[in-house]
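This is what each chain is made of:
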Amino acid sequence: QVQLQESGGGLVQPGGSLRLSCAASGSIFIIYAMNWYRQAPGKQRELVATAASGGVTTYADSVKGRFTISRDNAKNTVYLQMNSLKPEDTAVYYCNADLKDLRVNKRQDYWGQGTQVTVSS
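One structure accompanies this document, and this report is about it. Because the structure is predicted, anything quoted here is derived from the model rather than measured. (Residues numbered from 1 in each chain as written. Predicted model: local features only at pLDDT ≥ 70, side-chain atom pairs only at ≥ 80, totals over all residues. Heavy atoms only, no water.)

**Quick notes on the state of the cysteines**
In total, this model carries one disulfide according to the counting rule given. Two residues share a disulfide in this structure: Cys22 and Cys95, whose sulfurs sit 2.0 Å from each other. Looking down the S-S bond of the Cys22 and Cys95 bridge, the torsion is -80 degrees, so its handedness is left-handed. Placement of the pair is Cys22 in strand 3 (residues 18-25) and Cys95 in strand 9 (residues 91-101), with a sequence separation of 73 residues. (Disulfide = S-S within 2.5 Å. Helix = DSSP H or I, 4+ residues; strand = E, 2+ residues; numbered from the N terminus.)

As structure tokens, then:
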């Protein structure tokens, strides 16, 4: 069974930095895209950043210039470097992967359980 596990969340002051990690495990894969979403209380889940095939990256306007997504394909891991954090960045951050599990020949989205990021003084 494919699993995604996030780590790196925590409490940070405004202007600070965090780096989130997400590792996929449990099978062998073709990875088409890895993504970070976030969801704050009372709000819809939103796409924060995408790392797609060929190294193409995209960002939500709200984080552009502050966040950087990167992938280590050999480790099946995606990172989100978050700088200049603001209180409005407070949310549960979820890793998402569009991948094909080669052991069962199935392509679908997989989700991690989330990691809390709190930006507060």
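Past the structure itself, the notes keep going.
**As for the packing of aromatic side chains**
If you walk through the whole model with that rule in mind, you get one aromatic pair. Judged by centre distance (4.9 Å) and plane angle (55 degrees), the ring pair of Tyr37 and Trp111 falls under tilted. One end of the pair, Tyr37, is in strand 4 (residues 29-39); the other, Trp111, is in strand 10 (residues 106-111), and 74 residues separate them in sequence. Residue Trp111 is classed as partly exposed on the basis of its relative accessible area, which comes to 37%. Sitting over the face of the ring of Tyr94, Arg45 holds its NZ or CZ atom 3.8 Å from the ring centroid. Against the face of Trp111 rests Arg45, its NZ or CZ located 4.8 Å from the ring centre. (Phe/Tyr/Trp six-rings, centres within 6.5 Å; stacked < 30°, edge-to-face > 60°. Buried < 20%, exposed > 50% of the residue type's maximum accessible area, 1.4 Å probe, protein only. Lys NZ or Arg CZ within 6 Å of the ring centre and 35° of its normal.)

**Observations concerning the sheet that holds strand 1 (residues 3-7)**
Here four strands make up an open sheet; going across it, the order is 1-3-8-7 and the pairing antiparallel. This sheet does not close on itself; its edge strands, each paired only once, are strand 1 and strand 7 (67-72). Neighbour-to-neighbour, the strand axes of this sheet turn through a mean angle of 15 degrees, independent of strand direction. In this sheet, strand 3 lies alongside strand 1 in antiparallel orientation, the contact comprising five bridges. Bridge pairing in strand 3 places Gln5 opposite Ala23. (Pairing = 2+ DSSP bridges. Axes fitted to C-alpha atoms, helices over the stretch in contact; angles between N-to-C directions.)

**Quick word on the nonpolar core**
Formed by 31 residues in total, the largest nonpolar core has its most connected members in Trp36, Val48, Phe67, Leu80, Met82 and Tyr93. For this core, the secondary structure elements donating two or more residues are strand 3, strand 4, strand 5 (46-52), strand 7, strand 8 (77-82), strand 9 and strand 11 (115-119). Broken down by element, this core gets its largest block of residues, five residues, from strand 9. (Core = buried A, V, L, I, M, F, W, Y, C linked by side-chain atoms within 4.5 Å.)

**Some words on the side chain of Asp98**
On the secondary structure map, Asp98 appears in strand 9. A distance of 2.8 Å separates polar atoms of two side chains, one belonging to Asp98 and the other to Arg107. Leaving out residues up to four positions away in the same chain, Asp98 has contacts with Ile30, Ile31, Tyr32, Ala33, Arg107, Gln108 and Asp109. (Polar contact = N/O pair within 3.5 Å; in protein donor to acceptor, adjacent residues only side chain to side chain. Contact = heavy atoms within 4.5 Å.)

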